[in-house]
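Structural overview for review
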Amino acid sequence: MKTTTTRLAFAFLTTLVAVGATIAMAPAAQAQVVGVDVRIGNAPPPPRYEVAPPPRHGYVWAPGYWAWDGHRHVWAAGHWEHLHRGYARYEPAHWQPGPGGGWYFVPGHWVR
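Residues numbered from 1 in each chain as written. Predicted model: local features only at pLDDT ≥ 70, side-chain atom pairs only at ≥ 80, totals over all residues. Heavy atoms only, no water.

Here we take up the pattern of salt bridges. What the rule picks out here adds up to two salt bridges. Residue Asp 69 is joined to Arg 72 by a salt bridge in which the shortest nitrogen-to-oxygen separation is 3.9 Å. Between Glu 91 and Arg 89 there is a salt bridge; the shortest N-O distance is 2.5 Å. Under the relative-accessibility criterion, Glu 91 is labelled partly exposed at 24%. In this structure Arg 89 comes out as partly exposed when scored by relative accessible area, which is 43%. (Salt bridge = Lys/Arg side-chain N within 4 Å of Asp/Glu carboxyl O. Buried < 20%, exposed > 50% of the residue type's maximum accessible area, 1.4 Å probe, protein only.)

Here it is as structure tokens:
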């Protein structure tokens, strides 16, 4: 009985050490910034008219825009953006004509 208990304890400890070593050797997770440019050949439709809601303390209204779903333009409704201290203003999402033709999407972002 003592021999069986000792073997089980040894096997358990060996397994713990192996698992611990595997975890210790695993690479640390790293943050990665990935950018995606969207360029399409056809212009987006004219913006839809949205009534901006009354001002809300600590937020800025981001108007809606035409998003591209891979096949066609779809309307993304306006939403509230939480104010970011140290930034001068919020630049809403928009499309702009690109050099050499086509249209480029510029996501909404904060400007210092």
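Additional details are given in the paragraphs that follow.
With that settled, the discussion passes to the side chain of His 73. Here His 73 lies in strand β4 (residues 73-76). Using a relative accessible area of 12% as the deciding quantity, one classes His 73 as buried. Residues in contact with His 73, not counting those within four places in the same chain, are Ile 40, Asn 42, Ala 43, Pro 44, Pro 45, Trp 66, Ala 67, Trp 68 and Trp 95. (Helix = DSSP H or I, 4+ residues; strand = E, 2+ residues; numbered from the N terminus. Contact = heavy atoms within 4.5 Å.)

Another aspect to go through is the confidence of the model for the chain. Residues at a pLDDT of 70 or more form 66% of the chain, whose mean pLDDT is 78. pLDDT under 50 marks residues 1-29. Its contacts with residues more than four places away, or in other chains, come to zero contacts. (pLDDT = per-residue confidence, 0-100.)

For the rest of this paragraph, the subject is the sheet that holds strand β1 (residues 39-40). Taken together, three strands build an open sheet; the order of strands is β1-β8-β7 and the sheet is antiparallel. Strands with a single pairing partner mark the edges of an open sheet, and in this sheet they are β1 and β7 (94-97). Where β1 and strand β8 (residues 103-106) come together, two bridges link them in antiparallel fashion. Counterpart to Arg 39 in the pairing with β8 is Tyr 104. (Pairing = 2+ DSSP bridges.)

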